[in-house]
Amino acid sequence: IVLTGYMPLTLYRHITGAGTYVFRRNITLLYHRHISFIDVLLGRAFLELVGTTGALVAVYLVLWLTGLVSPMQDPSLVIGAWFLMALLSFGLMTVFAVLTEYSEVTERFIQPYQYLQLPISGTFFMVEWLPKRGQDLILYNPSVHVYEMFRAGFFGEATITHYTPWYPLLWGLALTWIGLSSIARIRDNIH
């Protein structure tokens, strides 16, 4: 649970956290005619994705080579879940990037939001452990589907998992669309 919970959480926190004032922090890049706001967002998210993926591979290899974890049962499911978490995080990153440019107060709510979302994110539990009513409610959170999918890839049929891949995919795409479509409105706020 630590490997399958903490590593996707790290990806989520690094990418979403990178959205805070991302445009102000990279204002010098925006003076170049061929670099756009989207380039800045994608570059920063890609940097965080590569770094966190490297950490996942290193941690997994060490644990696997020492015999502390079994081999992944379905690597394609693990990779799919990893990129779904990256997409969901990128969507939130774009929204956070826009909100922090609208108001500096917004930045103070991002970290508390991340901590408040943590107990219901799927990091520390599996859906199967909850009563039926709790399962139905918790599955409204898109990150829970990603964690369940990630764990299904690691544990295979040894555990019962509950996930629908299209649900976090739609959330990630919707959040990305909201964030990217709002960028035009904040151009004048960046200085």
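Scroll up for the structure.
Parameters and conventions
- Residues numbered from 1 in each chain as written.
- Predicted model: local features only at pLDDT ≥ 70, side-chain atom pairs only at ≥ 80, totals over all residues.
- Heavy atoms only, no water.
- Phe/Tyr/Trp six-rings, centres within 6.5 Å; stacked < 30°, edge-to-face > 60°.
- Helix = DSSP H or I, 4+ residues; strand = E, 2+ residues; numbered from the N terminus.
- Buried < 20%, exposed > 50% of the residue type's maximum accessible area, 1.4 Å probe, protein only.
- Arc of directions from axis to C-beta.
- Contact = heavy atoms within 4.5 Å.
- Polar contact = N/O pair within 3.5 Å; in protein donor to acceptor, adjacent residues only side chain to side chain.
- Salt bridge = Lys/Arg side-chain N within 4 Å of Asp/Glu carboxyl O.
- Axes fitted to C-alpha atoms, helices over the stretch in contact; angles between N-to-C directions.
- Parallel < 35°, antiparallel > 145°, perpendicular 65-115°, else oblique.
- Expected span 1.5 Å × (residues − 1).

## Let's talk about the packing of aromatic side chains
Then step 1. In this structure the tally under the stated criterion is eight aromatic pairs.
Then step 2. Pairing Tyr 60 with Trp 64 gives two aromatic rings, centres 6.4 Å apart and planes at 10 degrees, and the pair type is stacked. Residue Tyr 60 and its partner Trp 64 are located together in helix α3 (residues 37-65), separated by four residues, close to a single helical turn.
Then step 3. A connected cluster of aromatic rings, assembled from ring pairs, spans Tyr 60, Trp 64, Trp 82, Phe 150 and Phe 154.

## Quick notes on helix α5 (residues 107-117)
Then step 1. Looking at α5, one finds that the buried residues are Ile 110, Gln 114 and Gln 117. On an axial view of α5, the arc spanned by its buried residues comes to 80 degrees, and they lie on one face. Across α5 from its buried face, at more than 90 degrees, point the exposed residues Arg 108, Phe 109 and Leu 116.
Then step 2. Tucked into the core, α5 has its buried residues touching α1 (2-17), α4 (75-102) and α7 (142-155).

## Observations concerning the environment of Val 146
Then step 1. Within the secondary structure, Val 146 is located in helix α7.
Then step 2. For Val 146 and Ile 27, which are 119 residues apart along the polypeptide, the C-alpha to C-alpha distance reads 33 Å.
Then step 3. If we ignore the near neighbours within four places in the chain, the residues touching Val 146 are Ala 81, Leu 84, Met 85 and Pro 168.

## Some thoughts on the environment of Gly 51
Then step 1. Turning to its location among the elements, Gly 51 is positioned in helix α3.
Then step 2. Sequence spacing of Gly 51 and Leu 11 is 40 residues, and the spatial spacing of their C-alpha atoms is 8.9 Å.

## Quick word on the side chain of Ser 143
Then step 1. The topology assignment puts Ser 143 in helix α7.
Then step 2. At 2.9 Å, the side chain of Ser 143 forms a polar contact with the backbone oxygen of Ser 121.
Then step 3. Among the polar contacts made by the side chain of Ser 143, one reaches the side chain of Asn 141 at a distance of 3.1 Å.
Then step 4. Excluding residues that lie within four positions of it along the chain, Ser 143 makes contacts with Met 85, Leu 88, Gln 117 and Ser 121.

## Topic: unusual backbone geometry
Then step 1. At Tyr 21, a residue that is not glycine, the phi angle is positive and equals roughly 55 degrees.
Then step 2. Turning to its location among the elements, Tyr 21 is positioned in the loop between α1 and α2 (22-25).

## Some words on the pattern of salt bridges
Then step 1. In total, this model carries two salt bridges according to the counting rule given.
Then step 2. Salt-bridge contacts for Glu 48 lead to Arg 44; the nearest nitrogen and oxygen are separated by 3.1 Å. With a gap of four residues between them, Glu 48 and Arg 44 both fall in helix α3, about one helical turn apart.
Then step 3. We note a salt bridge from Lys 132 to Asp 136, for which the minimum N-O separation is 2.9 Å. Placement of the pair is Lys 132 and Asp 136 together in helix α6 (residues 132-138), with a separation of four residues, close to one helical turn.
Then step 4. The exposure class assigned to Lys 132 is exposed, which follows from its relative accessible area of 55%.
Then step 5. Note on Asp 136: relative accessible area 35%, which makes it partly exposed.

## Description of the packing of α4 against α5
Then step 1. It is the contact of α4 with α5, at a shortest axis distance of 9 Å, that shows an interaxial angle of 150 degrees. Classified by the angle their axes make, α4 and α5 are roughly antiparallel. On the side of α4, the interface is formed by Leu 92, Phe 96 and Thr 100, while α5 contributes Glu 107, Ile 110 and Tyr 113.

## Some remarks on helix α8 (residues 166-186)
Then step 1. Here α8 spans 30 Å end to end across 21 residues, near enough to the 30 Å set by a 1.5 Å rise per residue.
Then step 2. Within the sequence span of α8, burial applies to Tyr 167, Pro 168, Gly 172, Leu 175, Thr 176, Gly 179, Ser 182, Ile 183 and Ile 186. The buried side chains of α8 occupy one side of the element, clustering within an arc of 160 degrees when seen end-on. Relative to its buried face, α8 has exposed residues pointing more than 90 degrees away, namely Trp 166, Trp 177, Ala 184 and Arg 185.

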